[in-house]
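Topology and contacts: notes
Residues per chain are reported as follows:
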Amino acid sequence: MKISVRTSKRLEEAETILIRGTNWIGDAIMTLPAIAAIRKTFPHARISILVKPWVADIFSFCSDVDDVILFLPHKGQYNLANVARVAKEIRGKDFNTAILLQNAIEAAIIAFLGRIPIRAGYNSDAR
């Protein structure tokens, strides 16, 4: 597995971090140590996590996360228009760092369209 960081800034400058969480309960639980490591590395950063509703409670009880942002479908569907809507919402929150735990192109597109300058995630599938 290759991890890639795309940035013109330094990762040490992370102040407002968006984590794109995984979609399934087992995967979400397995990411808790990674989130704890992110908090330990960036103790003063504001850490938010973007997740689907069915895993949100796992992170709302996680002391390493400051905010849980729900990735809700529009009209019951997840599609490109919905991804653009979520990216616009994220853009308004002025995150300067994204850590993409989800191994999906959708996570990379949201971070890119959300204009998050520091993006770290999986380096595969043209990401």
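Basis of the calculations
Residues numbered from 1 in each chain as written. Predicted model: local features only at pLDDT ≥ 70, side-chain atom pairs only at ≥ 80, totals over all residues. Heavy atoms only, no water. Phe/Tyr/Trp six-rings, centres within 6.5 Å; stacked < 30°, edge-to-face > 60°. Helix = DSSP H or I, 4+ residues; strand = E, 2+ residues; numbered from the N terminus. Lys NZ or Arg CZ within 6 Å of the ring centre and 35° of its normal. Buried < 20%, exposed > 50% of the residue type's maximum accessible area, 1.4 Å probe, protein only. Polar contact = N/O pair within 3.5 Å; in protein donor to acceptor, adjacent residues only side chain to side chain. Contact = heavy atoms within 4.5 Å. Patch = residues over 30% accessible without salt bridge, like charges linked within 9 Å, V, L, I, M, F, W, Y side chains within 5 Å. Areas by Shrake-Rupley, 256 points an atom, 1.4 Å probe, with all protein chains shown as cover. Salt bridge = Lys/Arg side-chain N within 4 Å of Asp/Glu carboxyl O.

In this structure the tally under the stated criterion is one aromatic pair. With a centroid separation of 5.9 Å and 25° between ring planes, the pair formed by Trp-24 and Trp-54 is classed as stacked. Here the residue Trp-24 occupies a position in the loop between strand E2 (16-20) and helix H1 (25-30), and Trp-54 occupies one in the loop between strand E3 (46-51) and helix H3 (56-60), the gap between them amounting to 30 residues. The cationic tip of Lys-52 hangs over the ring face of Phe-71; the distance from NZ or CZ to the ring centre is 5.1 Å.

Once that is clear, we can look at unusual backbone geometry. With phi around 55°, Asp-94 is a residue other than glycine that occupies positive phi space. Here Asp-94 shows up in the loop between helix H4 (80-91) and strand E5 (97-100). Residue classification places Asp-94 among the exposed positions, given a relative accessible area of 60%.

On to the side chain of Asn-23. Along the chain, Asn-23 falls in the loop between E2 and H1. Residue class for Asn-23 comes out buried when judged on its relative accessible area of 13%. Polar contacts involving the side chain of Asn-23 include one to the side chain of Arg-20, which spans 3.2 Å. Setting aside residues no more than four positions away along its own chain, Asn-23 makes contact with Lys-52, Trp-54, Val-55 and Gln-102.

Okay, a nonpolar patch on the surface next. On the surface, a nonpolar cluster with roughly 340 Å² of combined accessible area is contributed by Ile-105, Ile-109, Phe-112 and Leu-113. With respect to the secondary-structure elements, Ile-105 resides in helix H5 (residues 105-113).

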